[in-house]
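Residue-level listing of the chains:
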Amino acid sequence: MQTIRDIRQNNEGVVIPSSYAANGWSSVLSHEMNVLFQAMCYVVTKFETKAEMESALKDFNALEGTFTAPVKDQFKSEEDFNGYVNLLNRFKAFMSRSNYEYPSSREAAVELFTKWGLVIDKGDVWDVPVYPFPDAAELFQLSDAESLALAHVKLEALVHPIFSRLIMTLHEQDENTFNLSKAELKNMLNTNDEMLTEVLIKLTPYMEEAIENILEIPEDETMTFTVVWERVYEDFLGEQFSKNVQ
């Protein structure tokens, strides 16, 4: 197993495992639990003992008031307050369905992280796994819609970097229209048939016209397509991996 403490010396910033989002955790956990996990990654990266880490967690402004009953005075409007309470109750119900009680304190939340394998308690110090990383789909009871949503999140985590590479490579050519075969694209992106198919499907909304019968086109046949860069600028550059599953 590789952990944050194994690799932190090679990173100037804070190490946050990419699989936390890719394996569904940022989608199934509440905002305050997501903030706490990021804070855990920070203290594990920066400090040497559990005592130092606990002290640093207490000083995080973003964690102030978390895991306590929300108070109306903390929100700009009653509408914001009610919206937050409703969303929090949905997360609580989601966890309850899998026989987990929503934490009422930071300490209880860290205990849950440890139970799920998101945090490793080594006695005098905490650590966080990087690889392998727990999969939320294996620890929670999911509806069919939620399972499908998390599968999409995982696929997006795989496709997105390759799609980004394609966008950057095409953009560097300062052209709108391209004549490329699947073989040339695979070589350009250093990927396989299955992943290229997903990338081309993801690219289709940004084409002036979709490529007909794209899945049946032979590998060495040239495909002509035009990218509408305005759509890329407006959509792709601000794209988020997913919304909350609930």
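(A) Spotlight on the environment of histidine 171. Tracing the backbone through its elements, the reader meets histidine 171 in helix α8 (residues 144–172). Take histidine 171: its relative accessible area is 38%, and that puts it in the partly exposed class. With residues up to four places along the chain from it excluded, the contact list for histidine 171 reads Trp229 and Tyr233.

(B) Layout of the side chain of threonine 191. Note on placement: threonine 191 falls in the loop between α9 (182–189) and α10 (193–203). Beyond its immediate sequence surroundings of up to four residues, threonine 191 is in contact with Ile162, Lys186 and Leu196.

(C) Quick look at the packing of helix α4 (residues 31–46) against helix α7 (residues 106–116). Relative orientation of the contacting elements α4 and α7 amounts to 75°, with a least axis distance of 11 Å. Classified by the interaxial angle, the pair formed by α4 and α7 is roughly perpendicular. Residues Met33, Leu36, Phe37 and Met40 of α4 touch α7, and the partners they reach there are Arg106, Ala109, Val110, Leu112, Phe113 and Trp116. Of the residues contributing to the contact of α4 with α7, the split by class is 9 nonpolar, no polar and 1 charged.

(D) Quick peek at the environment of tyrosine 20. Of note, tyrosine 20 is situated in helix α2 (residues 19–22). A C-alpha to C-alpha distance of 9.5 Å links tyrosine 20 and asparagine 34, two positions 14 residues apart in sequence. Residue contacts for tyrosine 20: discarding those within four places in its chain leaves Trp25, Ser26, Leu29, Met33, Asn34, Phe37, Leu118 and Phe133. Side-chain polar atoms of tyrosine 20 contact the side chain of asparagine 34, separated by 2.6 Å.

(E) Representation of the pattern of salt bridges. Considering all chains together, one arrives at 11 salt bridges under this definition. The closest approach of N and O atoms between aspartate 121 and lysine 50, which form a salt bridge, is 2.8 Å. Of the two residues, aspartate 121 is situated in strand β2 (residues 120–121) and lysine 50 in helix α5 (residues 50–58); the sequence distance between them amounts to 71 residues. By relative accessible area, which is 15% here, lysine 50 ends up buried. Salt-bridge contacts for lysine 122 lead to aspartate 127; the nearest nitrogen and oxygen are separated by 3.0 Å.

(F) Expanded view of α4. Here α4 contains 16 residues, and its C-alpha end-to-end distance of 23 Å stays within 8% of the 22 Å for a straight helix at 1.5 Å per residue. A large share of α4 lies buried, amounting to 12 of its 16 residues. Along α4, the positions that sit buried rather than exposed are Glu32, Met33, Asn34, Val35, Leu36, Phe37, Ala39, Met40, Cys41, Val43, Val44 and Thr45.

(G) Looking closely at the packing of α8 against α9. Contact geometry for α8 and α9: axes closest at 10 Å, N-to-C directions at 105°. One finds that α8 runs roughly perpendicular with respect to α9. Residues Ile162, Arg165, Leu166 and Thr169 of α8 pack against Leu185, Met188 and Leu189 of α9. In terms of residue class, the contact of α8 with α9 is made up of 5 nonpolar, 1 polar and 1 charged.

(H) Examining unusual backbone geometry more closely. Put simply, tyrosine 131 and proline 132 share a cis peptide bond, and its omega is -10°. Non-glycine residue aspartate 174 carries a positive phi angle of around 55°. Inspection of the secondary structure assignment puts aspartate 174 in the loop between α8 and β5 (177–181). Even without glycine at this site, asparagine 190 takes up a positive phi of about 55°. Within the element layout of this structure, asparagine 190 appears in the loop between α9 and α10. In this structure asparagine 190 comes out as exposed when scored by relative accessible area, which is 70%.

(I) Main features of the nonpolar core. Counting residues in hydrophobic clusters, the biggest one holds 41 residues, and the most contacted among them are Trp25, Leu29, Trp116 and Phe140. Tallying contributions element by element places α4 first for this core, with 9 residues. Excluding residues within four positions of it along the chain, tryptophan 25 makes contact with Ser19, Tyr20, Asn34, Trp116, Leu118, Phe133, Pro134, Asp135, Ala136, Leu139 and Phe140.

Each value, and the rule that gives it
- Residues numbered from 1 in each chain as written.
- Predicted model: local features only at pLDDT ≥ 70, side-chain atom pairs only at ≥ 80, totals over all residues.
- Heavy atoms only, no water.
- Helix = DSSP H or I, 4+ residues; strand = E, 2+ residues; numbered from the N terminus.
- Buried < 20%, exposed > 50% of the residue type's maximum accessible area, 1.4 Å probe, protein only.
- Contact = heavy atoms within 4.5 Å.
- Axes fitted to C-alpha atoms, helices over the stretch in contact; angles between N-to-C directions.
- Parallel < 35°, antiparallel > 145°, perpendicular 65-115°, else oblique.
- Nonpolar A, V, L, I, M, F, W, Y, C, P; charged D, E, K, R; others polar.
- Polar contact = N/O pair within 3.5 Å; in protein donor to acceptor, adjacent residues only side chain to side chain.
- Salt bridge = Lys/Arg side-chain N within 4 Å of Asp/Glu carboxyl O.
- Expected span 1.5 Å × (residues − 1).
- Core = buried A, V, L, I, M, F, W, Y, C linked by side-chain atoms within 4.5 Å.

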